[in-house]
Every structure is written in structure tokens, then in C-alpha cells.
Amino acid sequence: MIIYEIKPSKDVLKNIKKLEKSQKSKIREFITLLKLNPIPNCHDIKKMSSRHPPQFRVRFGKFRLIYMIDNNKKIIYLLKLERREQVYKK
């Protein structure tokens, strides 16, 4: 079984600390799943079009987590965690 390494950005770590306890636990659960399967089918995950390299987004209520998978190095980069209104702005 292949286990991926998770590398969150500083902004993701900072924003996780600001979340409510219930949201934090959902995100931690999801990250645990990501280590084993980079695109688990038990969450609302979509591949984002027009992003290169390919990025994915997952919904957690009003928040969105954007991540990228490096299959060669077996690393998942957590890029952004923000409210829906803010996360898609560049």
C-alpha cells in the first residue's frame, strides 16, 4: 500500500487553526484519507479545470481546500484553505 506524504502550506496551517472544532476534525479526517488515496470518492472532490499542474478542490461547508498531487514523489500539497468566496481568487 502506497502512503502519500502531506505537505500543507503555511496559509493552510494558519487557517486550520482559525476553524471551529467540528471543521478541524473533518479536515483532519480527510487528510488521513488522502494519505492512502489521493482522490477518495467519499467526499465532494472536483478536478479544477484550467489549472496546470492539475489541482483538486474539496468542500467543507463554506470552506474549500485546494490541493495538488505529485504522483512521482508521492506527495500531496495542500495549497489553500479559505471560504468559498475567497479561495478561487488568484
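Residues numbered from 1 in each chain as written. Predicted model: local features only at pLDDT ≥ 70, side-chain atom pairs only at ≥ 80, totals over all residues. Heavy atoms only, no water.

Draft legend 1. Main features of the sheet that holds strand E1 (residues 5-8). Ordered in space as E1-E5-E4-E3-E2, the five strands form an open sheet in which the pairing is mixed. Two strands close off the open sheet at either side, each with one partner strand: E1 and strand E2 (45-48). Direction aside, neighbouring strands of the sheet carry axes that sit 30° apart on average. Pairing geometry for strand E4 (residues 63-70) and strand E5 (residues 75-83), over eight bridges, is antiparallel. Bridged to Ile 66 within E5 is Lys 80. Helix H1 (residues 10-18) contacts E1, E4 and E5 of the sheet and is inclined by roughly 50° relative to E5. Contacting E1, E2, strand E3 (55-60), E4 and E5, helix H2 (residues 21-36) crosses the sheet at an angle of about 145° to E3. (Pairing = 2+ DSSP bridges. Helix = DSSP H or I, 4+ residues; strand = E, 2+ residues; numbered from the N terminus. Axes fitted to C-alpha atoms, helices over the stretch in contact; angles between N-to-C directions. Contact = heavy atoms within 4.5 Å.)

Draft legend 2. Spatial organisation of the pattern of salt bridges. Taken as a whole and assessed by the stated rule, the structure comprises three salt bridges. Ionic pairing is found between Glu 5 and Lys 7, a salt bridge with its closest N-O pair at 4.0 Å. Arg 59 serves as the salt-bridge partner of Asp 44, at 2.8 Å between the closest nitrogen and oxygen. Residue Asp 44 is found in the loop between H2 and E2, and its partner Arg 59 is found in strand E3; the two are separated by 15 residues along the sequence. According to the relative accessible area criterion, Asp 44 is partly exposed, its value standing at 28%. Exposure remark for Arg 59: the relative accessible area of 43% places this residue in the partly exposed category. (Salt bridge = Lys/Arg side-chain N within 4 Å of Asp/Glu carboxyl O. Buried < 20%, exposed > 50% of the residue type's maximum accessible area, 1.4 Å probe, protein only.)

Draft legend 3. Structural context of the pairing of E5. As paired elements, E1 and E5 share four bridges and run parallel to each other. Note that in E5 the partner of Ile 6 across the bridge is Ile 76. Counting the residues that bridge the hairpin from E4 to E5 gives four residues, and of these Lys 74 lies at a positive phi of roughly 60°.

Taken by themselves, the reported measurements are silent on function.
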